[in-house]
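# Secondary and tertiary structure notes
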Amino acid sequence: MFYTSGRASLETAYMYQLFARIYGTNNLPDCSNMCHESTSVGLPESIGASVGTASLSDFQNCDCIFYIAQNVGTSSPRMLHDLQDAVDRGVKIVTFNFLHERGLERLVNPQSPSQMLTGSETQISSIFYQVRNGGDIAALYGVCKALIEADDRYHANYAKHVAGEDDKPDHPSEADEVAFAASMASADTKHVLDHSFIADHTSGFEQFADSARSRDWAELERLSGLSQKQMEEAADIYAKAKNVLFVYGMGITQHVMGVQNVHMLANLALLRGNVGKPGGNICSVRGHSNVQGQRTVGITEKPGLVPLDKLAKLYHFEPPRWTGHTTVDACKAMLKGELDVFISLGGNIIRAVPETEALEAAWRRMPVTVSIATKLNRTSVLHGKQAYLLPCLGRIETDQQRSGPQAVSMESSVGHFHGSKGRVTPASKELLSEPAIVAGLAKATLQSDHHVPWDEWVDDYSRIRDAIEATYPDTFKKLNKRMFQPGGFPRPLPARERKWVTPNGKANFLTPERLFPELKISGDPSEVLHLTTLRSNDQFNTTVYGYSDRFRGVEGTRKVLLMHPNDIERFDLKEGEAVDLTTAIDDGVVRQLKGFKVTSYGVMEGSVAAYYPEANRLFPLDHHDPKSKTPGYKLLPVRVSRSNVH
């Protein structure tokens, strides 16, 4: 199993996937399986792009931002500067989120002398809608329903009432009559929805619109946690904006209906043509700096996403054509004892995956585990029967090879490629770079007749980039020359130009199967709370740097359960009391966490929250989206009981 973290550069990822395929496998799971795979599956079905269509310029060109299910303060703080700049020029930011997070509400910019001296702050969200966890489809459906019904009313009351017959010039050769007729026609096309875009570029609108019209407001309110008035208010703001940027994160993707969440967000964007125009696009916020880029150069279990024929021609071998394992598939094989070797190129898989207790035991039974890492983590020390820990240079460290100091490249969340060069003295002269380690493993493992210049690549990384360009000529044209240009250079995305790489050549309105997940709850449903997992400001993915979540006022521990005051009272609990959490899914396995501190917080009634990755052991491995296999870390039914642990 060849697992990859998003930390790896484009150069290393390209070499790694080539090593795996020459070895004879497509078992290339990666950390993207755990977070944005729902995007990689859902967006291609909707708009023909596996990544968001936004670029940084869209933050300057939009007049409204819909910010959905992503905590900018803890997960992507650098984006706060783009949001602040947008607010300063009058952009409305409409936020839908499970919690009122500090970074989504206001910002005191530490790089602004005036704000630091005066204590003044920027209000980030113009309006904030607190959505029930798992209620995203219902909330977005409500906004779509309000837009469609408002458009229906407009058609019924005003269609063709402005222009009448004046939208056609009596004398087409007369410029003034043509101009007047055009202005009259334009007045008649100012509907709530962008009908021209829908007609020219989309499929499935009528089915989706009929579904939205048929939805009952009471049901949408109950499942979303929002009122009809709030959803109509959001629709009104959206309808009045010209260019709307949609920004979303793992609060959308890490659900058992994550792919359908992505479909719904795309549906809302398509209603007013907010895909493929300046300021009107979709931005899926990723975590690791190159989690998106490694997919672009072939880290995937899906052979259809890789130019296998090109690899075969370049390196004189026959690549495997079968579908490999996702991360969830790899974990299932691990539990069954079917894996012999697991190589981790970065990452901390044992802390990132669900079903923690069972998988930790299975990991120890693994015949061979290999970890290529910059620092020790849980996966490094909880090793297999025979374990190899291969320390490597970090990206900030200088990388000196035979041809001189090296640079690497990566792809940002907004689909731009850019270079990176380390400037810090390495921790040890003995450290090898990631490309050197991958090349060394490949040379020691593979036969020598595959025409891969491993040594030459390690001597000079620009040659790896030449190979990347030869494999993906349209995507990486002049990579070596362009990687350090200011702002990087954009990845070609046809959807940005309203070219839809879908089977029908259109962007697709896709109607969700249901509004809320069907969960196999054990026992009395009235005693069940819905758990979501969170990250703190002092952690990055699975790495926890401290025990001070200052944005939420949680100090000294991460073993906390955030609860609504009414739920604390309903379960006869007290602030600070220790409780146990038990998974309330009926699959015959008991999963429990003990001794979590009850903490009153502004979660929605019926919901609770705990920290990731500590709460991962509560999540069954099968609790994932059926298409993307992304774990449903944002919604799990649990029971809470008084604990005997203090």
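Residues numbered from 1 in each chain as written. Predicted model: local features only at pLDDT ≥ 70, side-chain atom pairs only at ≥ 80, totals over all residues. Heavy atoms only, no water.

Along the chain, the position of K313 falls in helix α17 (residues 308-315). Judged by relative accessible area, which is 68%, K313 ranks as exposed. (Helix = DSSP H or I, 4+ residues; strand = E, 2+ residues; numbered from the N terminus. Buried < 20%, exposed > 50% of the residue type's maximum accessible area, 1.4 Å probe, protein only.)

With that out of the way, let us pick up the pattern of salt bridges. A complete count under the given rule lists 31 salt bridges for this structure. Note that R465 and E11 form a salt bridge whose closest N and O atoms lie 2.8 Å from each other. Linking R465 in helix α24 (residues 461-471) with E11 in helix α1 (residues 10-23), this pair joins segments that are 454 residues apart in sequence. Residue R617 is joined to E357 by a salt bridge in which the shortest nitrogen-to-oxygen separation is 4.0 Å. With R617 in the loop between β27 (607-611) and β28 (636-642) and E357 in helix α20 (residues 356-365), this pair connects stretches of sequence that are 260 residues apart. On the basis of relative accessibility, which here comes to 58%, the residue E357 falls in the exposed class. Each of D30, E37, R295 and K302 takes part in salt bridges that share partners, so that together they form one network. (Salt bridge = Lys/Arg side-chain N within 4 Å of Asp/Glu carboxyl O.)

Note that H624 resides in the loop between β27 and β28. Sequence-distant contacts of H624, defined by excluding residues within four places in its chain, comprise V256, V328, K332, K629, T630, P631 and G632. (Contact = heavy atoms within 4.5 Å.)

Time to look at the domain arrangement of the protein. Structurally, the protein comprises domain 1 (2-31 + 303-496), domain 2 (36-108 + 120-161 + 193-285) and domain 3 (525-642). Measuring from the centre of the C-alpha atoms in domain 1 to the corresponding centre in domain 2 gives 34 Å. Each side of the interface is counted separately: domain 1 has seven residues, and domain 2 has 14 residues. For the pair domain 1 and domain 2, the two sides together bury roughly 850 Å², of which 61% comes from carbon and sulfur. Applying the counting criterion to the domain 1 and domain 2 interface returns zero salt bridges. The interface formed by domain 1 and domain 2 includes two residue pairs in polar contact (both at pLDDT 80 or more). Of the residues assigned to the side of domain 1 that touches domain 2, the class counts are three nonpolar, two polar and two charged. (Domains from an automatic or database assignment. Buried area = accessible area lost by both parts, 1.4 Å probe. Polar contact = N/O pair within 3.5 Å; in protein donor to acceptor, adjacent residues only side chain to side chain. Nonpolar A, V, L, I, M, F, W, Y, C, P; charged D, E, K, R; others polar.)

At their nearest, the axes of α1 and α17 sit 12 Å apart, and the two run at 85 degrees to each other. For the element pair α1 / α17, the angle class is roughly perpendicular. Residues Y14, Q17, L18 and R21 of α1 form the contact with α17, whose participating residues are L308, L311 and Y315. For the contact of α1 with α17, the residue count by class is five nonpolar, one polar and one charged. (Axes fitted to C-alpha atoms, helices over the stretch in contact; angles between N-to-C directions. Parallel < 35°, antiparallel > 145°, perpendicular 65-115°, else oblique.)

The subject of this paragraph is the sheet that holds strand β3 (residues 92-97). One open sheet accounts for five strands, arranged β6-β3-β2-β8-β9; its pairing is parallel. Both edges of this open sheet fall to β6 (127-130) and β9 (282-284), since each of them pairs with a single strand only. Here the average twist between neighbouring strands, direction ignored, is 15 degrees. As defined by bridge partners, β3 adjoins β6 across four bridges and the pair is classed as parallel. Across the sheet, residue N97 finds its bridge partner in β6, namely Q130. (Pairing = 2+ DSSP bridges.)

Spatially, β15-β16-β17 is the arrangement adopted by the three strands of the open sheet, whose pairing is antiparallel. If you trace the sheet from one side to the other, it starts and ends with β15 (408-411) and β17 (489-490), each paired once. In this sheet, β17 lies alongside strand β16 (residues 416-420) in antiparallel orientation, the contact comprising two bridges. Residue pairing in the sheet places H416 in a bridge with P490 of β17.

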